[in-house]
Structure formats: C-alpha cells, structure tokens
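Listed below are the residues making up each chain.
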Amino acid sequence: MFTNCIAYAKLVYNKRLKAYKVQFAFNVHKKLVGTDYKYIFPVQAKCNYVSGDLLAENIQEEVQRTVAYAQQSLRTTNIVFVE
C-alpha cells in the first residue's frame, strides 16, 4: 500500500570521496531566506532513506535506480527533488 505523503530528496556531493549520494526525508522544513525558500533537511541519521555512494560517471542512471528503490522502500511515488 502506497502513502500519499511527499518525500523530499536532495543530491549531496562528497568532496573527499568525489561521489554523490541522495537523501530522502519526509520531515523537511521550508524556510524563507531573503526572497527564496530553502529546504532544511534533518541530519543524515534522521533521514528516512540515504543511498550509498554514487559515481559521477553515470549519475543519471544511478539516481534513477536509487529513486526506484526508494519508492519501494518508502512506499510512496511522490518524490520531489529540491536544492
């Protein structure tokens, strides 16, 4: 059974490993900074799902695969990528 909650996702770059990871969370807060809204994610340990390290060579394919797995794990199809 799928839920109708929106899961927010953000792509994080690790400079030391030169790899990306995707963080998914339901409890993301929206904060007004100047004239723009900024999304505040919880710390990585409190996120609902965090992918492993994704290599930069084929990042598009790896993100698609990660989103498909997160949809199954989080039981939602409403995933919004934010910055």
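Each chain carries its own residue numbering, running from 1 in the written order of its sequence. Confidence filtering applies because this is a predicted model: local features only for residues at pLDDT of at least 70, side-chain atom pairs given and counted only at 80 or more, and all residues used for totals across whole chains, interfaces and linings. By convention in this description, side-chain values take in all heavy atoms of the structure and omit both hydrogens and water.

Peer 1: Summarise the nonpolar core; cite the residues concerned and give the values.
Peer 2: Of all hydrophobic cores here, the largest spans 11 residues; its members are A7, A9, V22, F24, Y49, L54, V63, V67, A70, L74 and I79. Numbering of helices and strands runs from the N terminus; a helix is a DSSP stretch of H or I covering at least four residues, while a strand is a stretch of E covering at least two. Those elements giving two or more residues to this core turn out to be β1 (7–14), β2 (19–25) and α1 (59–74). Whether two residues are in contact is decided by their heavy atoms: any pair within 4.5 Å suffices. Excluding anything up to four places from it in sequence, L54 contacts A19, Y20, V22, I59, E62, V63 and T66. To define a nonpolar core, start from buried Ala, Val, Leu, Ile, Met, Phe, Trp, Tyr and Cys residues and group those joined through side-chain atoms within 4.5 Å. When a residue's accessible area, from a 1.4 Å probe over protein chains only, is under 20% of the maximum for its type it is buried; when over 50% it is exposed; and in between it is partly exposed. By size, the runner-up hydrophobic cluster in this structure holds 6 residues, among which are Y8, A25, V28 and C47.

Peer 1: Any chance you could break down α1 for me, citing the residues and the numbers?
Peer 2: To estimate the expected span of a helix, subtract one from its residue number and multiply by 1.5 Å. With 16 residues, α1 should reach 22 Å at 1.5 Å per residue; the first-to-last C-alpha distance of 21 Å fits that figure. Buried within α1 are the following residues: E62, V63, T66, V67, A70 and L74. The buried residues of α1 all sit within an arc of 135° when viewed along its axis, so they share a single face. Turned more than 90 degrees away from the buried face of α1, the exposed residues are E61, R65 and Q72. Comment: arc refers to directions from the helix axis out to C-beta atoms.

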